[in-house]
Amino acid sequence: MELLVAGSILAVTMTAIVSLFVFVFRVTQRSDDKSIAYNIARKEVEYIRSEGFSNALIVRNTDGTIASKFGDGTRVTYYSNTGAALASSQGATYSATLVVTSDRFDTVSGGGTRPAQDSIRTVIVTVRRISTNEVVHKDGTLLTRSGV
């Protein structure tokens, strides 16, 4: 009888310990996800800051030439599970969607527009886990002609 009680206590204890390990593993995985997503978002924001107000969203052609400059728009970059940028979505764990918008525009020769000298450019970066389409981190900044 004592062996049966001791075995039952051991089984309950082992179940609790295994549950604890599963819980800790999930918390650690979630924390890693958030850390990587935060670093990706900061990398995107710092890229925009380094480009400056006038070049905040540069769209390049596949040959590296600039397709558009100054324009508002969206750019998606894919990242591996370590936070390294990838050339395509194949093998990617995260996607970072960068959205740049301006509140005022000036007309330029040829009928195009560009952000006005006194406009405010809003930059939003949304990092998603591709497998679940879950937003892991969202970050942003404002750009003005005189700086960030």
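Bear in mind that the values here come from a model prediction, so they are computed numbers and not experimental data. (Residues numbered from 1 in each chain as written. Predicted model: local features only at pLDDT ≥ 70, side-chain atom pairs only at ≥ 80, totals over all residues. Heavy atoms only, no water.)

## A short note on the side chain of Glu-44
Cut-off, in case you're wondering: Under the DSSP-based scheme used, a helix requires at least four consecutive residues in state H or I and a strand at least two consecutive residues in state E, with every element numbered from the N terminus. Buried residues are those whose accessible area, probed at 1.4 Å on protein chains only, stays under 20% of the maximum for their type, while exposed residues exceed 50% and partly exposed ones sit between those limits. Polar contact criterion, stated in full: a pair of N or O atoms within 3.5 Å, where within protein one must be able to donate a hydrogen and the other to accept it, and residues adjacent in sequence count only if both atoms are side-chain atoms. Note on definitions: a residue-residue contact is assigned when non-hydrogen atoms from the two residues lie within 4.5 Å.
Turning to its location among the elements, Glu-44 is positioned in helix α1 (residues 2-51). Exposure remark for Glu-44: the relative accessible area of 3% places this residue in the buried category. Side chain to side chain, Glu-44 and Arg-75 meet in a polar contact 2.3 Å long. Look past the residues within four positions of Glu-44 in its chain and what remains in contact with it is Arg-75, Thr-77, Tyr-79, Ala-96, Leu-98 and Val-125.

## With respect to the pattern of salt bridges
Put simply, the test is: Within this document, salt bridges are pairs made up of a side-chain nitrogen of Lys or Arg and a carboxyl oxygen of Asp or Glu, the two lying within 4 Å of each other.
Going through the model one piece at a time under the given rule, you end up with eight salt bridges. Between Glu-46 and Arg-42 there is a salt bridge; the shortest N-O distance is 3.5 Å. Separated by four residues within a single helix, Glu-46 and Arg-42 lie in helix α1, roughly one turn from each other. Exposure remark for Glu-46: the relative accessible area of 38% places this residue in the partly exposed category.

## A short note on a nonpolar patch on the surface
Which entries qualify depends on this criterion: For patch building, the residue pool is restricted to those with more than 30% relative accessible area and no salt bridge; the joining distance is 9 Å between like charges and 5 Å between nonpolar side chains (Val, Leu, Ile, Met, Phe, Trp, Tyr). Under the convention used here, a 1.4 Å probe and the Shrake-Rupley method define accessible areas, while residue burial counts only the protein chains that appear.
A cluster of nonpolar side chains, Met-1, Leu-4, Val-5 and Ile-9, forms an exposed patch at the surface whose accessible area comes to about 480 Å². One can find Leu-4 in helix α1. On the basis of relative accessible area, Leu-4 is assigned to the exposed category, the value being 59%.

## Regarding the pairing of strand β3 (residues 73-79)
Heads up, the rule is: One bridge is not enough; two strands pair if DSSP finds at least two bridges between them.
The pairing of β3 with strand β5 (residues 94-102) spans seven bridges and is classified as antiparallel. Following the sheet pairing, Arg-75 is matched in β5 by Leu-98. Relative to strand β4 (residues 85-86), β3 runs antiparallel, the two being bridged by two bridges. Note on β4: the bridge partner recorded for Tyr-79 is Ala-85.

## Structural notes on the side chain of Asp-139
When you line up the elements, Asp-139 lands in strand β9 (residues 134-143). There is a polar contact of 2.9 Å between the side chain of Asp-139 and the side chain of Arg-42. Those residues in contact with Asp-139 that sit more than four places away from it in its chain are Tyr-38, Ala-41, Arg-42, Val-123, Ile-124 and Val-125.

## Brief notes about α1
Rules: A helix's residues, less one, multiplied by 1.5 Å, set its expected span.
Here α1 contains 50 residues, and its C-alpha end-to-end distance of 74 Å stays within 8% of the 74 Å for a straight helix at 1.5 Å per residue. Asp-33, Ile-36, Ala-37, Ile-40, Ala-41, Glu-44, Val-45 and Ile-48 are the residues of α1 that are buried. The secondary structure elements touched by the buried residues of α1 are β3, β5, β8 (121-129) and β9. Taken from the residues just after α1, Gly-52 is the one with a positive phi, measuring 85°.

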